[in-house]
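# Working through the structure, step by step
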Amino acid sequence: MTKVALRPYALLPRQYDERKVLSSTIDPWGRALWLICSDARFPYRWAGRDVPTPAVLPFDALVVISDRGEIRERALYGVAVAPNFFDALRGGGFVLSGNGGPNARSGQIFGPDGRSRRRFPLGTHLRHLVADRRAGFWTGYADEGIYSGDRVSAGGLVRWDDRGNAVWSLHPPKPYDHVAEISTVNVSDAAVHATYWPGAPLARIGRSGTLRIRVLPVSVPFGLAIRGDRLLLLGGNEPGNAPNTRNNTLHHIEPADDGAVVVGREGLFFPNGDAVRSYARPVSRGPDIFLRTPRTLRQWWVLTAP
């Protein structure tokens, strides 16, 4: 199996305290974002890292933005959730998601002035929050959320406008109508793609809202990159192989008359030659998969579909 190396993408400057970063992402414009709480506590340790949480709610946060190496800061005032996901919205605002039980007001939208505009139910057991350039943002949920009784999470994959109103959810036709968990979400200007479980369906939602389903030869991948009709899947299971394919296996997928086929496999490595054995849930945008390790929120890496 041939090797593919990740490329360094963005790095939090050392003048900022990495330990106090609550969340980080790559936004629709390719900027790296870090959300920092200056008054953080560290209630537990996970994957070799002290996990921060705000000492009190609400709190004021700092967003550090790296735009191709140019560093800017934005302040958010009155953050009322302990954020686990966030992203930038069209027009200069931000959306944050925190924890909470079914139907809790776990989402919060901020305007370009950094002031809170709205708190609203964003679902429970959120697994993906990915904004787009034009319409708002998308959320995908784990099975614990879909079956929790939460009315938002029950939608599986949900599209929101930039004011925090749910405007669409995934209702695929039979025999693909059972959506138990969203595995990946890839947001680009042309379309949104999502893989879900059970089985190995790929849903494509066009800009007009049209839905197409294609069955893939790999199920439950961790990351998805798209270039034209070709796909690159990170991780996942192939029928007939071991139940848990290695996390750093890349599957090259091309369309075929009866769906899609695997045309190549590669291993994913860091530039120093070490295998990528573990990572936080990736951010997938068009031909790119952005990765970071569980041990740090400081460094982002990128993998681009050929």
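Everything that follows concerns the structure shown earlier in this document.
Sequence order sets the numbering: in each chain, residues are counted from 1 along the sequence as written. The predicted nature of this model means local features are confined to residues of pLDDT at least 70 and side-chain atom pairs, given and counted, to a pLDDT of 80 or more, with totals for whole chains, interfaces and linings taken over all residues. Side-chain numbers here rest on the full set of heavy atoms in the structure, without hydrogens or water.

## Looking at the nonpolar core
What is meant by a nonpolar core is a set of buried Ala, Val, Leu, Ile, Met, Phe, Trp, Tyr and Cys residues, joined one to another through side-chain atoms within 4.5 Å. Buried, partly exposed and exposed residues are distinguished by accessible area as a fraction of the type maximum, computed with a 1.4 Å probe on protein chains only: under 20%, between the cut-offs, and over 50%, respectively. Ranked by size, the top nonpolar core spans 17 residues in total, and within it Leu35, Val63, Leu76, Val79, Phe86, Phe94 and Leu96 carry the most contacts. Each helix corresponds to a stretch of at least 4 residues labelled H or I by DSSP, and each strand to a stretch of at least 2 residues labelled E; elements are numbered beginning at the N terminus. Mapped by element, the contributors of at least two residues to this core are strand S4 (32-37), strand S7 (59-67), strand S8 (70-79), strand S9 (85-88) and strand S10 (94-97). The leading source of residues in this core is S7, at 4 residues. Leu268, Ile289, Leu291 and Trp301 belong to the second-largest nonpolar core, a separate cluster that totals 15 residues.

## Quick notes on the environment of Ile26
Checked against the element boundaries, Ile26 lands in strand S3 (residues 21-26). Overall, the relative accessible area of 0% leaves Ile26 in the buried class.

## A look at the pattern of salt bridges
Salt bridge, as used here: a side-chain nitrogen of Lys or Arg that lies within 4 Å of a carboxyl oxygen of Asp or Glu. Tallied over the entire structure, the rule returns 13 salt bridges. Here Arg72 makes a salt bridge to Asp67, at a shortest N to O gap of 3.9 Å. Arg72 gets classed as partly exposed once you look at its relative accessible area, which sits at 30%. A salt bridge links Arg163 to Asp162; the shortest N-O distance between them is 3.7 Å. The class for Arg163 is exposed, based on a relative accessible area of 53%.

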